[in-house]
Amino acid sequence: MIDIETIMLTEAEMEMARRLAFQRNDSKKNLKGDYNMTGRDQEQAHFDGVRAEIAACKRFNYPVDTGIYIGGDDGRPDLYVGNYSVEVKAATYKPPILKFNTLTDFKSDVAI
């Protein structure tokens, strides 16, 4: 059994997630190849991802990256826990497994 910790976001954190998701989605609208593996629309996928990033940052007391990067984050870690770089992924399927397009897409030390 996987032990999953629930992190509750405040309304202010949810609003931050909505704003960042919209901005990140908007920055990629004209790029080819921006897709997700779940069939969700892009804005929803960004919203789910940003909420996961905010929750992980909250859990590990790390500042949320509010940057908007044209073409994506270029493999930058979402946060650091101690000396470990961490990539945050949001899963809407069960069991909640991590999926990457290719193994080279995974550049961090740890994924959650």
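Shown above is the structure to which this text applies.
Just so it is clear, the model here is predicted, and its values are computed rather than measured.

Residue position: Glu-13 is located in helix 1 (residues 11-27). For Glu-13, a relative accessible area of 17% gives the class buried. A distance of 3.0 Å separates the side chain of Glu-13 from the side chain of Lys-58, its partner in a polar contact. The contacts of Glu-13, once residues within four sequence positions are left out, are Met-8, Ile-54 and Lys-58.

We now examine the pairing of strand 2 (residues 84-87). Residues in a regular strand project their side chains so that they alternate between the two faces of the sheet. Of the strand pairs in this sheet, strand 1 (residues 79-81) and strand 2 are connected by 3 bridges, and their pairing is antiparallel. In the sheet register, Leu-79 faces strand 2, and the bridge partner there is Val-86. What sits between the antiparallel neighbours strand 1 and strand 2 is a turn of 2 residues, in which Gly-82 has the positive phi angle 65°. Here strand 2 pairs with strand 3 (residues 110-111) via 2 bridges, running parallel. Opposite Val-86, over in strand 3, you have Val-110 as the bridge partner.

This part covers unusual backbone geometry. Here the phi dihedral of Asn-61 falls at roughly 55°; this positive angle occurs in a residue that is not glycine. Among the secondary structure elements, Asn-61 is positioned in the loop between helix 2 (42-59) and strand 1.

Thresholds, definitions, all that
- Residues numbered from 1 in each chain as written.
- Predicted model: local features only at pLDDT ≥ 70, side-chain atom pairs only at ≥ 80, totals over all residues.
- Heavy atoms only, no water.
- Helix = DSSP H or I, 4+ residues; strand = E, 2+ residues; numbered from the N terminus.
- Buried < 20%, exposed > 50% of the residue type's maximum accessible area, 1.4 Å probe, protein only.
- Polar contact = N/O pair within 3.5 Å; in protein donor to acceptor, adjacent residues only side chain to side chain.
- Contact = heavy atoms within 4.5 Å.
- Pairing = 2+ DSSP bridges.

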